[in-house]
Amino acid sequence: MAAITVKGLRKSYGDNEAVRGIDLEVTDGEVFALLGPNGAGKTTTVEILEGYRHADAGEVSVLGLDPARNAPALRARIGIVLQSTGIDQYLTVRETLSMYAHYFEHPRQVDELIEIVGLEEKRDSRVTSLSGGQQRRLDLAVGLVGDPELLFLDEPTTGFDPSARREAWQMVRNLTALGKTVLLTTHYMDEAQYLARRVAVMARGRIVAEGSPDSLARHGGDARVRFRVPDGLEAPFGAASDGVVEVVAMDLARTLHEVTTWALANKVNLDSLDVLRPSLEDVYLRLVGEAAS
Amino acid sequence: MINLRRTLYQLRFTNLAYWRNPSSALFTFAFPLMFLVIFTALLGRHTFMLDGRLVHQTTYYVAAMASYGLISACYVNLAMVMTFQRDQGILKRVQGTPMPSMAYLAARVIHALAVAALLVVLTAAFGRIVYQADLPTGMALIRFVVMFLVGALSFSAMAFAVSSIIPNADAAPALVNITIMPLLFLSGIFIPLGDHAPTWVAWVGKLFPVRHFAAGMQSGFLGTAFNWSDVGVVALWGAVGLAVAARRFDAEPRV
Ligand SMILES: Nc1ncnc2c1ncn2[C@@H]1O[C@H](COP(=O)(O)OP(=O)(O)OP(=O)(O)O)[C@@H](O)[C@H]1O
Ligand SMILES: [Mg+2]
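1. Description of the sheet that holds strand β2 (residues 16-27) of chain A
Residue and element names in this part refer to chain A. Judged by pairing direction, the sheet is antiparallel, and its three strands sit side by side in the order β2-β1-β4 without closing on themselves. Across the chains shown, the open sheet's two edge strands, defined by having one partner strand only, are β2 and β4 (57-62). On average, adjacent strands in this sheet sit at an angle of 15° to one another, irrespective of strand direction. Alignment of strand β1 (residues 2-13) against β2, held across nine bridges, turns out to be antiparallel. In the sheet register, R10 faces β2, and the bridge partner there is R20. Of the strands in this sheet, β1, β2 and β4 touch helix α1 (residues 42-49), which is tilted by about 120° from β1.

Here it is as structure tokens:
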């Protein structure tokens, strides 16, 4: 079952084409990450799925519903954490969550939510007095209050310190253990790699790559073998810069064999040998660079 | 019915936030009471003729500040708060939940109405206790309540209309006040209009809702004539406000 299906989605603001025909499919129970540089169209896409904005063209189905027509029915079943949005400054954390809890038929326990996002100490503090990261945690708690089947997280961990980010990741994992589906956008490659079963890279309104984080990383081109050539020796396999040789290994076993054969023949111990695999980050930067040019 | 339950629950939080927000608690709640004390203390000893009746200045101000209190709660505060909530994305967040927008907005209007009622009661009690002002009773009280309710709903509708036109929260205090302050002066709320007011001032009073509203509120206190046409004009403005708000009011700022 697909929690989200998108076909040929388009959206323009005036003559700025923010989303230029994208297809997406998010399976029930998976974490799907939408990556992409600023202005790629991630928020626009997500807000169309949430029913906030209306598509110019294309088909959208979220939990079997059309968000443009069935927003009320849909909103009982989804949780939304917007990229940036306000919250009443004069209520406390607990009051805020109690208020939102009453918007839903089957809300989660307020105290349990406070614990999940780690705001126990701020339970009775006014929202004004929370730090940026703490406010973001409250945003997360509000997104979870309706116990949603599908959770939208638009850059959920921006502004988190490293340990808060780890905790948020753990929280998302706990959700998926309960069978929930998560669509998240992020700028953090490690976040996508850690959380997402599948990733789509978006640039300039298009999806430029899609797949599991590992399969995307493999798309980044061949591994490279790098080692240092001792002073006085002529560099093998073409030019060295500053005595470091880097060989693109189309066939890693063969390349390593050639390198070690050369090393034995020349009594080089290769203690600086590295095998470099393309990271998701490399792939991302390459894809985004290609899309921009 | 489920919406009524949600509205009532929402009221609790709307109320909490209201009293903790200095802009609403001080600026729109305390101001009418402060003006009441100042005006009656400075100008309260005099009497003057109104509609052929001898009227005590204090009683006049009790009635006028009751009107001002309602306008402050249902128009000034509501218009500002809705603009702020829209600009900060609070309305957008609520919109993303199953809470019906109408239930949420209804809580705001009911709250404004309750604050207005509180202001009227405090104003009347102050007038009664300190200056032995006359209070509406019997039929006059019923007519007074009608004017109060029609006024509260109409000024709330106008608040939503104005807030839908205000471009952003920074502009809200200035724009809301500029739509209402001149009218308060030209409608005899702060300074009683004598018989010799210029004709254009009389016309402003006839055209806009504040003078009509104040006249309806006054009648119960001062024994002046109660005209159902005053109620009608206020309701008409309310209807126009509602129509504009229904077309334009949005949970997100316009871009
Ligand atoms: N409400 C709007 N009105 C006009 N243009 C908009 C609006 N929202 C977004 N845009 C434009 O649409 C494009 C895509 O914006 P969007 O917010 O979807 O990007 P994003 O991928 O979420 O970026 P970021 O990573 O910075 O959040 C941008 O060029 C942006 O300027
Ligand atoms: Mg965005």
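So much for the structure itself; the text now carries on.
2. Considerations on the interface of chain B and chain A
With 25 residues of chain B in contact, the opposing surface of chain A contributes 24 residues. A buried area of about 2400 Å², summed over both sides, lies between chain B and chain A, and 54% of it is on carbon and sulfur atoms. Counting the contacts that link chain B with chain A gives four salt bridges. Where A:E47 meets B:K92, a salt bridge forms, and the shortest distance between an N and an O atom there is 2.9 Å. The tally of links from chain B across to chain A stands at 13 residue pairs in polar contact (both at pLDDT 80 or more). Elements that contribute at least two residues to the side of chain B that touches chain A include exactly α1 (2-20) and α4 (90-95) of chain B. Tallying contributions element by element places α1(B) first for the side of chain B that touches chain A, with nine residues. Of the residues contributing to the side of chain B that touches chain A, the split by class is 11 nonpolar, eight polar and six charged.

3. Regarding the pattern of salt bridges
All names here are of chain A. The full count for this structure, using the stated rule, is 25 salt bridges over all chains. For the salt bridge of R198 with E30, the shortest nitrogen-to-oxygen distance reads 2.9 Å. Taken together, the residues span a long stretch of sequence, with R198 in strand β8 (residues 198-203) and E30 in the loop between β2 and β3 (31-35) at a distance of 168 residues. Summarising the burial analysis for this pair, R198 and E30 share the class buried.

Analysis parameters
- Residues numbered from 1 in each chain as written.
- Chains lettered and ligands numbered in written order.
- Predicted model: local features only at pLDDT ≥ 70, side-chain atom pairs only at ≥ 80, totals over all residues.
- Heavy atoms only, no water.
- Pairing = 2+ DSSP bridges.
- Helix = DSSP H or I, 4+ residues; strand = E, 2+ residues; numbered from the N terminus.
- Axes fitted to C-alpha atoms, helices over the stretch in contact; angles between N-to-C directions.
- Contact = heavy atoms within 4.5 Å.
- Buried area = accessible area lost by both parts, 1.4 Å probe.
- Salt bridge = Lys/Arg side-chain N within 4 Å of Asp/Glu carboxyl O.
- Polar contact = N/O pair within 3.5 Å; in protein donor to acceptor, adjacent residues only side chain to side chain.
- Nonpolar A, V, L, I, M, F, W, Y, C, P; charged D, E, K, R; others polar.
- Buried < 20%, exposed > 50% of the residue type's maximum accessible area, 1.4 Å probe, protein only.

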